[in-house]
Amino acid sequence: MNDIEKNYEDFISTVSHELRTPLTSIRGFAQTMLASWDKIDDENKKKFLKIIEDQSNRLINLVENMLSVSKLQSGKEALVFKETDPAPVINIAVSVVKSQYTNRNFEVNIDPKTPSILVDKDRFMQIMTNLIENAAKYSDENSTVKITTAYAQNCEFVSIKVSDTGIGIAEEDYERIFTKFSRIDNPLTRKVQGSGLGLYITKNLVDKMNGKITVQSSGKETTFEVLFPVCNLETLAREKCRQ
Ligand SMILES: Nc1ncnc2c1ncn2[C@@H]1O[C@H](COP(=O)(O)OP(=O)(O)OP(=O)(O)O)[C@@H](O)[C@H]1O
Ligand SMILES: [Mg+2]
């Protein structure tokens, strides 16, 4: 078996497993409810339906992530670069995650001097949502997720940092977390749902937007930093020229 075939086989077996787990659970709870409807009290019916809803959401998230991966790999991800003010996008991403993680605090510090950046706005939103969601997902209840923006690298880039005080990431895992289907084996990661594709997609999109992404985790504070090129007429002209 050559490398391509091996990769393909690994991919199919990971995807089948990722699909089978939630599907088995959805089928199991639906069958239990159908077979024993009269014997189950309302509270348990609600509990079972909630599991079916959660597992369906997990499947939708997985399928959406796989579509993003396939678009990225086939080179069909056509990015539309536009001058974008990062602040409103960050605020929307925060409110999306906040509605799912109501027991986390979110602190947004946007330097009023933060300039516009040259990005694809929708994909930039996807990047911010992935990072902010991870920060909330891999930290404890009532902890605070911080998002900070600043000028960086001789004013050529805008830096956006997303920090949490959660489970942390060991240095030896810094590279691995950006690869496909990689999840770190720890009690919290096992407890929360995820396909291990979010950071792979995020890094690919950041690279395509001429940005950079790094992670730093010391003790319990974890910070993901993304850098995006500042938008000015010169860079706009250069991008137009490339299209
Ligand atoms: N802020 C963080 N703190 C601690 N661990 C993290 C953090 N962000 C990511 N990780 C680890 O990196 C792994 C990969 O993250 P990634 O976002 O790619 O996948 P995921 O969150 O498991 O699933 P999804 O595809 O739904 O995003 C996670 O499973 C988790 O173990
Ligand atoms: Mg994630």
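Residues numbered from 1 in each chain as written. Chains lettered and ligands numbered in written order. Predicted model: local features only at pLDDT ≥ 70, side-chain atom pairs only at ≥ 80, totals over all residues. Heavy atoms only, no water.

Asker: Explain the sheet that holds strand β6 (residues 212-218) here, please?
Answerer: The strands making up a sheet associate through backbone hydrogen bonding, with each pair oriented either parallel or antiparallel. Ordered in space as β2-β4-β5-β7-β6, the five strands form an open sheet in which the pairing is mixed. With partners counted over all chains shown, the strands left at the sheet margins are β2 (105-110) and β6, one partner each. Neighbour to neighbour, the strand axes of the sheet diverge by 15° on average, direction disregarded. For strand β4 (residues 144-152) and strand β5 (residues 157-164), the ladder comprises seven bridges, and the chain directions are antiparallel. If you follow Thr149 over to β5, its bridge partner there is Ile160. Sitting on the sheet, helix α3 (residues 86-100) is in contact with β2, β4 and β5, with an inclination near 180° to β2. Lying on the sheet, helix α6 (residues 198-208) is in contact with β6 and β7 (221-229); it crosses β6 at an angle near 135°. (Pairing = 2+ DSSP bridges. Helix = DSSP H or I, 4+ residues; strand = E, 2+ residues; numbered from the N terminus. Axes fitted to C-alpha atoms, helices over the stretch in contact; angles between N-to-C directions. Contact = heavy atoms within 4.5 Å.)

Asker: Would you mind showing me how to read the domain arrangement of the protein chain here?
Answerer: Size of an interface, as often reported, equals the accessible area lost when the parts are brought together. What the domain assignment lists for the protein chain is domain 1 (3-74) and domain 2 (82-242). The straight-line distance from the C-alpha centre of domain 1 to that of domain 2 is 27 Å. In this assembly, domain 1 packs against domain 2 so that about 1,100 Å² is buried in total across both faces, 63% of it on carbon and sulfur atoms. Along the contact surface separating domain 1 from domain 2 lie zero salt bridges. Remark: the boundary between domain 1 and domain 2 carries three residue pairs in polar contact (both at pLDDT 80 or more). For the side of domain 1 that touches domain 2, the secondary-structure elements that each account for two or more residues are α1 (3-36) and α2 (42-74). Ranked by residue count, the leading element in the side of domain 1 that touches domain 2 is α2, at 10 residues. A per-class count over the side of domain 1 that touches domain 2 returns six nonpolar, five polar and three charged. (Domains from an automatic or database assignment. Buried area = accessible area lost by both parts, 1.4 Å probe. Salt bridge = Lys/Arg side-chain N within 4 Å of Asp/Glu carboxyl O. Polar contact = N/O pair within 3.5 Å; in protein donor to acceptor, adjacent residues only side chain to side chain. Nonpolar A, V, L, I, M, F, W, Y, C, P; charged D, E, K, R; others polar.)

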